[in-house]
Amino acid sequence: MITRPFHTTRRAFQATALASTILAAVASTTTDAFADPSGTLRFGIDSPLNDWEILNKPGEAYLALLFEGLVDVAADGATLLPKLAESWEQTETALTFKLRPGVVFHDGTPFNADAARINLERTRSSKSQYAAMFERVSAITAPSDHELVLELSGPAPTLLQNLASRGAWFMSPATLEDEKFKTEPAGTGPWTFNTTESQFGTKIVVDAFDDYYDRDNVGPARVEMLTINDPNTLSNALITGQVDVAQLPGDLAKAVEFQQLEVASAPSMLMHVLMLDRNETFADENVRKAICTAINVQPWIDAALAGYGKVATQRLSAGMPGHNPDLVGYTQNIEEAKTYLAAAGDPKISFTLPTYPRGQQFAQLMRSQLGQIGIEVNIELLSAGQYFTYYQSNRYPMQINTSAAESYGAYDYYKFRFGPGGVGNPFDVAAPELDALVEETLAISDPDEQEKGWQDVVKFIEDRALDCGFFEQNTVWAYNPKKVENFVPTVMKPTVFRYAEARIVE
């Protein structure tokens, strides 16, 4: 049986969390249970797994096999569902979870509140992007085996959503010693790591966990993740039956439809142009506005994504706290862009733009567009592994990227991208006017008035051209319907589909 709390939008949750106690109303819902996990799901993916460190992975394609969190996100990307926590209660001073009894890690260690506390403390004290979600958490305590309390120093309107979506996975405390988890992981998820048949960087195999608490709702008995770096080779592997599901570029996904294969897609990332070095290269507001009015992301979507995406006006989608419906974003106007550069004194601008194979067309189109106004872009092609190692560093002044750390409202967006010490602010650029505007907004007690304040924050970001070039990018999969049924992706979860819900046709 899967339990389900109330449906809540991100904006509605923020307002309610600030105003009153939030109870997860747990109502049961029925699903078609499996007699027992059966069959093998073979998934072709272009990014390898080199270890099981949960804090530095750009997506959840591998992690979702072994690990779980307190709260889950439904396929719509917004509804919050109980997972290792059966229910929760949030006030202005604490977020309290009642944990699911009878859960064990893959190594036999019981899952309890102290195990959860140890894991959350590890994430909280880390230097990863996920540590930021604990900013308002003053202490994490375990009053009993099945009660976990996050004490709050102030309003934390998006903490629950962050815990559901960002790095709050749980590993057996025994595997944390000497970082044993990197090669011998033990989570609470539906499958266990098959160390004998797996080869890091090439093939990851997991098998159904006999003691999983929700085993009746797990479809595949086995999942094999095959790393195939070249998209054409990956497409051929699907067509020839080497894999049953493949994550593909949009153009190849369209092509395989002629082979009696199905295509599924879902919005998974909101990309944008990150002008990171606003201390020097992009310090002048007119330079930033020139860039924002020189680029046009629609050709990027058409060429690189085969149309699987859409232009966005701002970083926050409708329904998120701070989404400003009055913003229209920048549109391409080459002559206006040249005027902005002239106002900046016609500087000679040249910089290196990093990319990796899947993002190479974005970079090439940007180079062409900025070349029209005299800005020189030098493309540096990295492997996917290299790129995601450095994409949040101060090695490069500009990138085309995104991060889940910005996903749950204007406050998270500010903290990550512009706040002091923000992981997405690697050049440590100061923004005193924006800082002051955020502090003023945090001091507003009325939820509706505070929401207007967050909208002003987002407008300030646009007015100063601190960010621009927003577009949704879909993750696209192709799969063999003769082998896989009930293929369900999760909105705004990069690279993830719902493995346990898939049915293997035998």
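Check the entry above for the structure.
Reading guide: rules and limits
Residues numbered from 1 in each chain as written. Predicted model: local features only at pLDDT ≥ 70, side-chain atom pairs only at ≥ 80, totals over all residues. Heavy atoms only, no water. Helix = DSSP H or I, 4+ residues; strand = E, 2+ residues; numbered from the N terminus. Rg over C-alpha atoms; globule rule 2.2 N^0.38 Å. Buried < 20%, exposed > 50% of the residue type's maximum accessible area, 1.4 Å probe, protein only. Contact = heavy atoms within 4.5 Å. Lys, Arg positive; Asp, Glu negative; His and termini not counted. Charge placed at Lys NZ, Arg CZ, Asp CG, Glu CD. Pairing = 2+ DSSP bridges. Salt bridge = Lys/Arg side-chain N within 4 Å of Asp/Glu carboxyl O. Core = buried A, V, L, I, M, F, W, Y, C linked by side-chain atoms within 4.5 Å. Expected span 1.5 Å × (residues − 1). Polar contact = N/O pair within 3.5 Å; in protein donor to acceptor, adjacent residues only side chain to side chain. Axes fitted to C-alpha atoms, helices over the stretch in contact; angles between N-to-C directions. Parallel < 35°, antiparallel > 145°, perpendicular 65-115°, else oblique. Left-handed = near helix turned anticlockwise from the far one by under 90°. Nonpolar A, V, L, I, M, F, W, Y, C, P; charged D, E, K, R; others polar. Phe/Tyr/Trp six-rings, centres within 6.5 Å; stacked < 30°, edge-to-face > 60°.

**Quick word on the overall build of the chain**
From N to C terminus, the chain includes 15 helices and 22 strands. Computed over the C-alpha atoms, the radius of gyration of the chain is 23 Å, within 12% of the 23 Å expected from 2.2 N^0.38 for a compact globule of 506 residues. Counting only C-alpha atoms and orienting by the principal axes, one finds that the chain spans roughly 70 × 55 × 40 Å. Taking all 506 residues of the chain together, 55% fall into the buried category. Here the contacts in the chain between residues at least 6 apart in sequence split such that 70% fall between residues at least 24 apart. Here the chain carries 40 positive and 65 negative side-chain charges, and the mean point of each set is 3 Å from the other.

**Side note on the pairing of strand β10 (residues 147-152)**
Across 5 bridges, the pairing between strand β8 (residues 94-99) and β10 is antiparallel. Along β10, the bridge assignment pairs Ala94 with Glu151. With 5 bridges connecting them, strand β9 (residues 137-144) and β10 associate as antiparallel partners. Counted as the bridge partner of Val137 is Leu152 from β10.

**Side note on the pattern of salt bridges**
Across all of its chains, the model carries 23 salt bridges by this definition. Glu53 is the salt-bridge partner of Arg122, the closest N and O atoms lying 2.6 Å from each other. With Arg122 in helix α3 (residues 113-124) and Glu53 in the loop between β4 (40-45) and α2 (63-66), this pair connects stretches of sequence that are 69 residues apart. The exposure class assigned to Glu53 is buried, which follows from its relative accessible area of 10%. When the shortest N-O distance is used, the salt bridge between Arg498 and Glu501 registers 2.8 Å. Given a relative accessible area of 30%, Glu501 falls into the partly exposed group. The network of salt bridges with common partners includes Glu197, Asp207, Arg222 and Glu224.

**Quick word on the nonpolar core**
Counting residues in hydrophobic clusters, the biggest one holds 70 residues, and the most contacted among them are Phe97, Leu120, Leu148, Leu150 and Leu163. Discounting residues that sit within four places of it in the chain, Leu150 has contacts with Thr93, Ala94, Leu95, Phe97, Leu120, Phe134, Val137, Ala139, Ile140, Leu159 and Leu163.

**Quick notes on helix α15 (residues 447-463)**
A rise of 1.5 Å per residue sets the reference length of α15, with its 17 residues, at 24 Å; its end C-alpha atoms lie 24 Å apart and thus fit the reference within 8%. Restricting attention to buried positions, one finds in α15 the residues Gln450, Glu451, Gly453, Trp454, Gln455, Val457, Val458, Phe460, Ile461 and Glu462. Among the residues of α15, the N-terminal cap falls to Asp446, whose side-chain oxygen and the backbone nitrogen of Asp448 are separated by 3.1 Å. The first or second residue beyond α15 is Ala465, which carries a positive phi of 55°.

**Looking at the packing of helix α8 (residues 285-294) against helix α10 (residues 334-343)**
Their axes nearest at 8 Å, the elements α8 and α10 cross at an angle of 170°. Overall, the two elements α8 and α10 adopt an arrangement that is roughly antiparallel. Considering only the axes of α8 and α10, their crossing is left-handed. Touching Asn286, Val287, Lys289, Ala290, Thr293 and Ala294 of α8 are Ile334, Glu336, Ala337, Tyr340, Leu341 and Ala343, all from α10. Residue composition of the contact of α8 with α10, grouped by class: 8 nonpolar, 2 polar and 2 charged.

**A closer look at the packing of aromatic side chains**
A full pass over the atoms with the stated rule returns 23 aromatic pairs. Centre to centre, the rings of Tyr356 and Tyr387 are 4.8 Å apart; their planes meet at 35°, and the pair counts as tilted. Of the two residues, Tyr356 is situated in the loop between β17 (350-355) and α11 (360-371) and Tyr387 in helix α12 (residues 384-390); the sequence distance between them amounts to 31 residues. Each of the two residues, Tyr356 as well as Tyr387, counts as buried. Both rings, one in Tyr387 and one in Phe388, keep their centres 5.3 Å apart while their planes meet at 90°; by these two values the pair is edge-to-face.

**Section: the side chain of Asn474**
Turning to its location among the elements, Asn474 is positioned in strand β20 (residues 468-479). The buried category is assigned to Asn474, whose relative accessible area is 15%. The contact partners of Asn474, leaving out residues within four places of it in the chain, are Ser265, Ala266, Pro267, Ser268, Tyr308 and Gly309.

**Some points on the environment of Thr281**
Following the sequence through the fold, Thr281 ends up in the loop between β15 (262-275) and α8. Looking at Thr281, the relative accessible area reads 23%, which means it is partly exposed. For the pair formed by Thr281 and Gly102, sequence separation is 179 residues and the distance between their alpha carbons is 56 Å. If sequence neighbours within four positions are ignored, Thr281 has contacts with Val287, Ile349, Phe351 and Pro397. Side chain to side chain, Thr281 and Asp277 meet in a polar contact 3.0 Å long.

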